[in-house]
Amino acid sequence: MDQPEEQWWRPDRFAQRRERLATRGRMLSAVRGFFAAQDFVEVDTPALQVSPGLEPHLKAFATQLHDPRDGGIRQRYLHTSPEFAMKKLLAAGLPQIWQLAHVFRDGERSATHHPEFSMLEWYRAGASWRDLIPDCVGLVRACQAAAHSSSSWLGSTRRPRAPGTDAEEHEKGELEEALVWRGHSADARRPWQEISVALAFRQYCGIDILATAPDPFAPDPGLLAAAASRIGIEPHPGDDWETLYFRIFLDRIEPHLGIGAPTVLCDFPVSMAALSRRNPADPRLAERFELYVCGLELANAFGELTDPAEQRARFRADRAKKQALYGETYPIDEDFLAALEAGLPPSAGIALGFDRLVMLATGASDIEDVLWAIVS
């Protein structure tokens, strides 16, 4: 039997989330209105997939599919993102699509992570990654406005006071209708900031991050370890370049991003391209950006990789890295590679954490404060 602290459905416990859930509903309506106004098609793809995604550090939920047609038993996974299925729809000929999907990631639980959460993804065929920045601006502004509209079937919509703010600051925040998190605020109506990864490392750390990758596809952990030591961040035995990158980034850079207004962090080193294209103007860089608000990562966007041979090579590299780190790996979705081979058009796509956006709009400090029901 569940312990009382796990019984999220008790009226007194649920009441603590009612106002934020009302805000969530208004924001979802704003999302649908935003995409409808731009002639996007809302799609709904299966959570059960051959491959859950191959990012080395993500852990998926595995299950078995018992097929009554042939009696077969097949290994399947709950997706960590709807990306593969949505790109297949682009290959099928849909030009602009979006989806609010439940996605699943095992081993993730914190104030900003949950094993099952809502991912908002959209794709534009024939577009570049820069075309997604105005999308982000319009969408976040629409959600910020919806969050502060004045009526709700669940009652009052007054923003809860953000942690670390006094009553006067809270009233000021009410008037400004800003997004807030952990004592910081950002108003999406203000001009957005844009900064490259290289400039962010120079500005906040004094590190030339691209110089630590003389071979852009095989960056040198020794060079980055030396740079980290110079600014007081000690490397650990066995650290690879990416581990050091994130230790520096999370400690010295991320807290500065998205303060006052949202920040677009762009031009990632090509070794961090993930599923994005290389930048044709600078082969050291990838066509990728991340969106930050109040020091919190909100979205990740790509100019999509369409070359099936390069995609297969990246999948194999990711599988090898996951096997080396964790002793396991996941299958490659051959049907996805077939879709690329058949002709995925030049396109751009983005994944945005909808629960995190609701957190920012309501001043919630924990993701469970904005979920209808809690995984226990």
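Owing to the predicted nature of the structure, the values given are computational and were not obtained by experimental measurement.

Engineer: Hey, could you go over the overall build of the chain for me, with residue numbers and the actual values?
Structural biologist: Counting secondary structure elements, the chain contains 11 helices and 13 strands. In terms of C-alpha radius of gyration, the chain reaches 21 Å, essentially the compact-globule figure of 21 Å for 376 residues. In terms of its C-alpha atoms, the chain occupies a principal-axis envelope of roughly 60 × 55 × 45 Å. Within the chain, the fraction of its 376 residues that count as buried is 51%. Counted over contacts in the chain with a minimum sequence separation of 6, partners at least 24 positions apart contribute 68%. Here the chain has roughly 17200 Å² of accessible surface; of this, 53% comes from carbon and sulfur atoms. Put simply, the chain has 41 plus and 54 minus side-chain charges, and the middle of one group is 1 Å from the middle of the other.

Engineer: Before we move on, could you go through the environment of Val264 and cite the residues and values that matter?
Structural biologist: Take Val264: it is sitting in strand E10 (residues 263-269). Spatially, the C-alpha atoms of Val264 and Pro134 are 11 Å apart, while their sequence positions differ by 130 residues.

Engineer: Which residues make up the environment of Ala91, and what values do they have?
Structural biologist: As for its position among the elements, Ala91 is in helix H3 (residues 83-91). For the pair Ala91 and Pro345, spaced 254 residues apart in sequence, the C-alpha separation works out to 6.7 Å. Apart from residues lying up to four places away in sequence, Ala91 is in contact with Ala339, Gly343, Leu344 and Pro345.

Engineer: Tell me about the nonpolar core, and name the residues and values.
Structural biologist: Counting 45 residues, the largest nonpolar core has Phe35, Leu120, Trp122, Leu139 and Phe289 as the members making the most contacts within it. Sort the elements by how many residues they give to this core and helix H4 (residues 132-147) lands first, with eight residues. Excluding residues that lie within four positions of it along the chain, Leu139 makes contacts with Val31, Phe34, Phe35, Leu120, Trp122 and Leu352. Counting residues in hydrophobic clusters, the runner-up holds 27 residues, among them Ile209, Tyr245, Phe249 and Met272.

Engineer: Which residues make up the side chain of Ser81, and what values go with them?
Structural biologist: Turning to its location among the elements, Ser81 is positioned in the loop between strand E4 (73-78) and H3. From its side chain, Ser81 meets the backbone nitrogen of Glu83 in a polar contact 3.1 Å long. Beyond its immediate sequence surroundings of up to four residues, Ser81 is in contact with Pro52, Val103, Arg105 and Glu121.

Engineer: Provide a residue-level description of helix H8 (residues 241-253), including the pertinent values.
Structural biologist: For H8, built from 13 residues, the straight-helix expectation of 18 Å at 1.5 Å per residue is met to within 8% by its first-to-last C-alpha distance of 17 Å. Every buried residue belonging to H8 is among Trp241, Leu244, Tyr245, Ile248, Phe249 and Ile253, and all of these are buried. One side of H8 holds all its buried residues, which, seen down the axis, span an arc of 130 degrees. Summarising the contacts, the buried residues of H8 are in contact with helix H6 (197-205), helix H7 (221-230), E10 and strand E11 (285-293).

Engineer: Could you give me a rundown of the pattern of salt bridges, with the residues and numbers involved?
Structural biologist: Per the counting criterion, the structure on display carries 24 salt bridges. Across the pair Glu242 and Lys321 runs a salt bridge whose closest N-O atoms are separated by 2.9 Å. Placement of Glu242 in helix H8 and of Lys321 in helix H9 (residues 308-326) is noted, with a sequence separation of 79 residues between them. It is possible to trace a salt-bridge network through shared partners that takes in Asp67, Arg69, Asp70 and Arg74.

Engineer: Summarise the confidence of the model for the chain; cite the residues concerned and give the values.
Structural biologist: In the predicted model, the chain carries a mean pLDDT of 92, and 91% of its residues have values of at least 70. Counting contacts from residues 151-160, a segment whose pLDDT is below 50, to residues more than four positions away or on other chains yields 31 contacts.

Engineer: Mind laying out empty space enclosed by the protein, listing which residues take part and the relevant values?
Structural biologist: The final tally for this structure, using the stated rule, is two cavities of 30 Å³ or more. In this structure, the second largest cavity is lined by Leu210, Ala213, Pro216, Pro269 and Arg284.

Engineer: Lay out H7 with the relevant residues and their values.
Structural biologist: Within H7, burial applies to Leu224, Ala225, Ala227 and Ala228. On an axial view of H7, the arc spanned by its buried residues comes to 165 degrees, and they lie on one face. Of the surrounding secondary structure, the elements contacted by the buried residues of H7 are H8. The N-terminus of H7 is capped by Asp220, whose side-chain oxygen sits 2.8 Å from the backbone nitrogen of Gly222. Of the residues trailing H7, Gly232 is marked for its positive phi of about 85 degrees.

Engineer: Got a sec to walk through unusual backbone geometry? Specific residues and values, please.
Structural biologist: Of note in this structure, Arg182 is not a glycine but carries a positive phi near 50 degrees. Here Arg182 shows up in the loop between strand E7 (179-181) and strand E8 (184-186). The phi angle at Asp267 is positive, at roughly 55 degrees, despite the residue not being glycine. In this fold, Asp267 is placed in strand E10.

Engineer: So, the packing of helix H2 (residues 18-37) against H4: which residues are in play, and what are the values?
Structural biologist: Where H2 contacts H4, the two axes come as close as 8 Å, and the packing angle between them is 145 degrees. For the element pair H2 and H4, the recorded crossing hand is right-handed. Residues Thr23, Arg26, Met27, Ala30, Val31, Phe34 and Phe35 of H2 form the contact with H4, whose own contacting residues are Asp135, Gly138, Leu139, Ala142, Cys143, Ala146 and Ala147. Among the residues forming the contact of H2 with H4, the class breakdown is 10 nonpolar, two polar and two charged.

Quick notes on the rules
- Residues numbered from 1 in each chain as written.
- Predicted model: local features only at pLDDT ≥ 70, side-chain atom pairs only at ≥ 80, totals over all residues.
- Heavy atoms only, no water.
- Helix = DSSP H or I, 4+ residues; strand = E, 2+ residues; numbered from the N terminus.
- Rg over C-alpha atoms; globule rule 2.2 N^0.38 Å.
- Buried < 20%, exposed > 50% of the residue type's maximum accessible area, 1.4 Å probe, protein only.
- Contact = heavy atoms within 4.5 Å.
- Areas by Shrake-Rupley, 256 points an atom, 1.4 Å probe, with all protein chains shown as cover.
- Lys, Arg positive; Asp, Glu negative; His and termini not counted.
- Charge placed at Lys NZ, Arg CZ, Asp CG, Glu CD.
- Core = buried A, V, L, I, M, F, W, Y, C linked by side-chain atoms within 4.5 Å.
- Polar contact = N/O pair within 3.5 Å; in protein donor to acceptor, adjacent residues only side chain to side chain.
- Expected span 1.5 Å × (residues − 1).
- Arc of directions from axis to C-beta.
- Salt bridge = Lys/Arg side-chain N within 4 Å of Asp/Glu carboxyl O.
- pLDDT = per-residue confidence, 0-100.
- 1 Å grid on protein atoms, 1.4 Å probe; cavity = no way out; pocket = protein on both sides within 12 Å on 5 of 7 lines; lining within 4 Å.
- Points joined across faces, edges and corners; volume = space filled by probe spheres on them.
- Axes fitted to C-alpha atoms, helices over the stretch in contact; angles between N-to-C directions.
- Left-handed = near helix turned anticlockwise from the far one by under 90°.
- Nonpolar A, V, L, I, M, F, W, Y, C, P; charged D, E, K, R; others polar.

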